[in-house]
Amino acid sequence: MQLVNVLLPEIILAAVACLLLLLGTVNRASARRAAPLAAVATLALVVLVLAWRTAGGLTAGLPVTLSAFSEYVKLLTALLGIVLLLLAWPTNPTATGNDSLDYGSDCGEFFALALLSLCGVMLVAGADDMVLLFLGLELVSIPTYVMVSISRRAIVAQEAGVKYFFLGALSAALMLFGFSYLYGATGTIRLSQVAVVMYTSGGFGAWHLLAVVMLLAGLAFKIAAVPLHFYAGDVYEGAATPVTAFLAFVPKAAGFVAIIKVLSAVAAPAGTAWVMSQQVLALLWVMAALTMSVGNCLALLQRNIKRVLAYSSIAHSGYMLVGLAALGVNAPAAIQGVLFYLAAYGVMNVGAFGVLMLLPSRGGSGTAEEFDDIAGVGRHRPALGLAMAVSCFGLLGLPLTAGFLGKILLIKPALFSGQPAMVWLAVITVLNAAVSAGYYLKIVASLFLEADGQPREQQPVLPQALPWPIKAAVAASVAGTLLLGAVPIATQAVLNEALAGALATQPPVLQHLATQPVAEAR
């Protein structure tokens with residue numbers, strides 16, 4: 001019963017996903033309309049379960065934990081999952097999708113796959129076992145391969161799904177390689193025992209380093225970080241816009257949570273800092289600098305807005321890697337920054353993609369994707385233009401938005417560390433945020449300026465009635481971006497939860513190491 005209590009949210013999601021797979025065999029519009037209702041109601045139930053129970057730390061004898069860290073990630077996943085599913089709501093008469101999405105008769109299967117992917121994030125958050133952590137990561141990824149492929153009746157979606165699958169298989173192989181060496185070097189699959197074994201038997205060695213490097217390489221795919229970032233542009237452009245929004249948050253959240261858990265497993269606490277290999281910290285530094293720089297530079301060159309947001313997603317992974325690079329300086333503050341930024345990025349990201357879904361393509365089929373599609377639309381639909389502006393300003397990091405506070409929390413541990421390398425990393429982050437203005441402001445400018453030489457009769461025809469689920473998702477995104485950036489009460493509530501999660505990342509079994517001499521990492 002203890003295991004059932006700990007895994008209750010995951011059990012609920014998996015059970016309803018199985019029912020939705022069965023519902024998908026019923027080829028009726030009424031069944032397809034019932035699928036999103038069941039999925040959103042299930043996530044709402046999970047939110048109530050998470051709000052009702054309390055975190056209790058390590059669960060003795062079980063491969064899972066019930067901590068403030070895992071509960072924060074699960075609650076964030078469920079809340080943002082509801083908003084992401086609203087983007088995929090079937091609004092056409094036959095309930096086979098909406099203007100951006102066409103899953104045909106596979107509506108039940110689509111929402112079942114989405115629930116399974118969200119279930120995977122929750123498994124990753126609670127895993128204290130290498131095998132369970134790997135299975136959780138694959139449960140996040142495998143459904144998304146299918147979601148990309150069935151999201152549009154176009155060859156570009158099939159191509160994107162194949163690319164995503166094969167690179168995902170490569171990342172899985174790298175992770176398995178890393179886990180196998182970590183197990184071989186420590187003799188345990190329990191993450192809570194890895195650091196104890198290492199630092200009581202000589203410290204961080206060459207085999208541990210190889211294991212962590214391979215794990216970081218595999219997880220770089222999940223977060224779209226350099227050097228495994230090449231798929232992002234093609235996959236994000238090829239997938240339907242709601243699936244692109246899903247990919248921009250769910251695998252990224254799972255990847256960062258997994259990286260935090262792996263690093264906490266191979267580190268020992270020393271006050272507020274984590275003692276770990278200097279090579280690992282240097283690797284995180286390089287990955288952070290390259291990821292944000294490459295992402296922003298590539299985004300500046302794009303004409304497709306979904307590709308712009310894809311490469312900006314890479315840049316945001318780089319910003320969050322700055323927080324992880326500061327683990328050797330101030331681990332609680334660094335993890336708090338990453339956890340808060342995950343929430344802020346997820347909220348802001350939904351708004352940008354949601355507005356694109358509400359604007360028609362200038363070509364007459366589908367929704368907006370190119371800059372020409374949105375040119376001048378903000379003049380005719382100021383509410384949509386302002387919603388996109390708020391989302392872009394938040395992603396850019398302007399004051400009074402969630403993105404501004406998130407970036408402050410990410411760079412603060414590095415900036416005040418007193419270490420020249422970390423200070424330089426904070427400076428690089430600020431410079432990259434300034435570079436990102438080049439494409440975020442371009443999106444906003446396109447919305448409120450008429451296209452040059454475009455005849456009035458060729459302007460896109462805007463629908464009179466916009467779908468309520470997508471409008472609700474955009475409204476929630478804009479409200480979240482402003483509340484987290486400008487309202488102290490809302491922001492402090494999320495910060496307190498993130499801080500509690502940051503302080504609970506390392507299990508109690510390691511706390512005795514904080515007061516004992518720790519072998520220097522080699």
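Computed from a predicted structure; not experimentally measured. (Residues numbered from 1 in each chain as written. Predicted model: local features only at pLDDT ≥ 70, side-chain atom pairs only at ≥ 80, totals over all residues. Heavy atoms only, no water.)

**As for the overall build of the protein**
Here's step 1: Counting secondary structure elements, the protein contains 21 helices and four strands.
Here's step 2: A globule of 522 residues ought to have a C-alpha radius of gyration of about 24 Å, and the protein, at 22 Å, matches this closely.
Here's step 3: Principal-axis analysis of the C-alpha atoms places the extent of the protein at approximately 75 × 50 × 45 Å.
Here's step 4: Per-residue burial for the protein yields a buried fraction of 61% across its 522 residues.
Here's step 5: Taking the intrachain contacts of the protein between residues at least 6 apart in sequence as the baseline, contacts between residues at least 24 apart amount to 79%.
Here's step 6: Total accessible area on the protein stands at roughly 18,600 Å², and carbon and sulfur atoms take up 70% of it.
Here's step 7: When the 24 positive and 21 negative side-chain charges of the protein are each reduced to one mean point, those points stand 3 Å apart. (Helix = DSSP H or I, 4+ residues; strand = E, 2+ residues; numbered from the N terminus. Rg over C-alpha atoms; globule rule 2.2 N^0.38 Å. Buried < 20%, exposed > 50% of the residue type's maximum accessible area, 1.4 Å probe, protein only. Contact = heavy atoms within 4.5 Å. Areas by Shrake-Rupley, 256 points an atom, 1.4 Å probe, with all protein chains shown as cover. Lys, Arg positive; Asp, Glu negative; His and termini not counted. Charge placed at Lys NZ, Arg CZ, Asp CG, Glu CD.)

**Points about the side chain of Asn98**
Here's step 1: Tracing the backbone through its elements, the reader meets Asn98 in the loop between α4 (68-87) and α5 (107-126).
Here's step 2: Judged by its relative accessible area of 8%, Asn98 falls in the buried class.
Here's step 3: A polar atom in the side chain of Asn98 sits 3.2 Å from the backbone oxygen of Leu87.
Here's step 4: Setting aside anything within four residues of it in sequence, one finds Asn98 in contact with Leu87, Ala88, Trp89, Thr91, Asn92, Met357 and Ile470. (Polar contact = N/O pair within 3.5 Å; in protein donor to acceptor, adjacent residues only side chain to side chain.)

**Let's talk about the packing of aromatic side chains**
Given two aromatic rings, their pairing is described by the distance between the two centres and the angle made by the two planes.
Here's step 1: Counting across every chain of the model gives 13 aromatic pairs.
Here's step 2: Here Phe110 and Phe111 contribute two aromatic rings whose centre-to-centre distance is 5.6 Å and whose plane-to-plane angle is 80 degrees, an arrangement assigned as edge-to-face. Here Phe110 matches Phe111 in class, with each residue buried. (Phe/Tyr/Trp six-rings, centres within 6.5 Å; stacked < 30°, edge-to-face > 60°.)

**Re a nonpolar patch on the surface**
Here's step 1: The grouping of Val131, Leu135, Tyr183 and Ile189 at the surface amounts to a nonpolar patch, some 360 Å² of accessible area in total.
Here's step 2: Within the secondary structure, Leu135 is located in helix α6 (residues 130-150).
Here's step 3: A residue is classified by how much of its surface remains accessible, and Leu135, at 49% relative accessible area, is partly exposed. (Patch = residues over 30% accessible without salt bridge, like charges linked within 9 Å, V, L, I, M, F, W, Y side chains within 5 Å. Salt bridge = Lys/Arg side-chain N within 4 Å of Asp/Glu carboxyl O.)

**Quick word on the packing of helix α17 (residues 382-396) against helix α19 (residues 420-448)**
Here's step 1: Across the interface, α17 lies against α19 with an axial gap of 9 Å and an inter-helix angle of 175 degrees. Comparing the axis directions of α17 and α19 gives the class roughly antiparallel. Side by side, α17 and α19 meet where Gly385, Leu386, Met388, Ala389, Cys392, Phe393, Leu395 and Leu396 of the first sit next to Ala433, Ser436, Ala437, Tyr440, Leu441, Ile443, Val444, Leu447 and Phe448 of the second.
Here's step 2: Its residues assigned to classes, the contact of α17 with α19 shows 15 nonpolar, two polar and no charged. (Axes fitted to C-alpha atoms, helices over the stretch in contact; angles between N-to-C directions. Parallel < 35°, antiparallel > 145°, perpendicular 65-115°, else oblique. Nonpolar A, V, L, I, M, F, W, Y, C, P; charged D, E, K, R; others polar.)

**Brief notes about helix α12 (residues 278-299)**
Here's step 1: Relative to the 32 Å expected for 22 residues at 1.5 Å per residue, α12 spans 32 Å between its end C-alpha atoms, a close match to the ideal helical length.
Here's step 2: Turning to α12, its buried residues are Val280, Leu281, Leu284, Met287, Ala288, Ala289, Thr291, Met292, Gly295, Asn296 and Ala299.
Here's step 3: Taken together, the buried residues of α12 touch α9 (206-222), α11 (241-265), α13 (305-325) and α19. (Expected span 1.5 Å × (residues − 1).)

**Some details on the confidence of the model for the protein**
Here's step 1: Confidence in the prediction of the protein, expressed as mean pLDDT, is 87, and 91% of residues score 70 or more.
Here's step 2: For the protein, per-element mean pLDDT is lowest for strand β1 (residues 57-58), which scores 50, and highest for α5, which scores 95.
Here's step 3: A low-confidence stretch, residues 508-522 stays under pLDDT 50, and its non-local contacts, those more than four residues away or across chains, total 30 contacts. (pLDDT = per-residue confidence, 0-100.)

**Considering helix α7 (residues 155-186)**
Here's step 1: Taking 1.5 Å of rise per residue, the 32 residues of α7 would be expected to cover 46 Å, and the 47 Å separating its terminal C-alpha atoms lies within 8% of that figure.
Here's step 2: On its buried side, α7 packs onto α6, α8 (191-199), α9, α10 (231-238) and α11.

**Side note on the environment of Glu237**
Here's step 1: Along the polypeptide, Glu237 turns up in helix α10.
Here's step 2: According to the relative accessible area criterion, Glu237 is partly exposed, its value standing at 24%.
Here's step 3: For the pair Glu237 and Val427, spaced 190 residues apart in sequence, the C-alpha separation works out to 31 Å.
Here's step 4: Side chain to side chain, Glu237 and Arg307 meet in a polar contact 2.8 Å long.

**A look at the side chain of Thr77**
Here's step 1: Along the chain, the position of Thr77 falls in helix α4.
Here's step 2: On the basis of relative accessibility, which here comes to 3%, the residue Thr77 falls in the buried class.
Here's step 3: Other than its neighbours up to four places away in sequence, Thr77 contacts Leu118, Val121 and Met122.

**Structural notes on the pattern of salt bridges**
Here's step 1: Under the defined criterion, the tally for this structure stands at nine salt bridges.
Here's step 2: Note that Lys163 is salt-bridged to Asp234, the shortest N-O span being 2.9 Å. Here Asp234 lies in helix α10 and Lys163 lies in helix α7, a separation of 71 residues in the sequence.
Here's step 3: For Glu369, the salt bridge is made with Lys306, and the minimal N-O distance between the two is 3.4 Å. In this pair, Glu369 sits in the loop between α14 (331-358) and α15 (371-374) while Lys306 sits in helix α13, placing the two residues 63 residues apart along the sequence. Here Glu369 matches Lys306 in class, with each residue buried.
Here's step 4: Each of the salt bridges in this network shares a partner with another, and the network as a whole consists of Glu159, Lys163, Asp234, Glu237 and Arg307.

**What about the environment of Tyr72?**
Here's step 1: Positionally, Tyr72 belongs in helix α4.
Here's step 2: By relative accessible area, which is 8% here, Tyr72 ends up buried.
Here's step 3: When the C-alpha atoms of Tyr72 and Leu499 are compared, they prove to be 9.8 Å apart, with 427 residues separating the residues in sequence.
Here's step 4: What Tyr72 contacts, discounting residues up to four positions off in sequence, is Leu339, Phe340, Ala343, Val494, Glu497 and Ala498.

**A look at the packing of α14 against helix α18 (residues 402-415)**
Here's step 1: Running from N to C, α14 and α18 cross one another at 160 degrees; their axes reach a closest spacing of 8 Å. Judged by the inter-axis angle, α14 sits roughly antiparallel to α18. As for how α14 packs across α18, the hand of that crossing is left-handed. Of α18, the residues touching α14 (which contributes Ala333, Ala334, Gly337, Val338, Phe340, Tyr341, Ala344 and Met348) are Ala402, Gly403, Leu405, Gly406, Lys407, Leu409, Leu410 and Pro413.
Here's step 2: Taken together, the residues of the contact of α14 with α18 break down into twelve nonpolar, three polar and one charged. (Left-handed = near helix turned anticlockwise from the far one by under 90°.)

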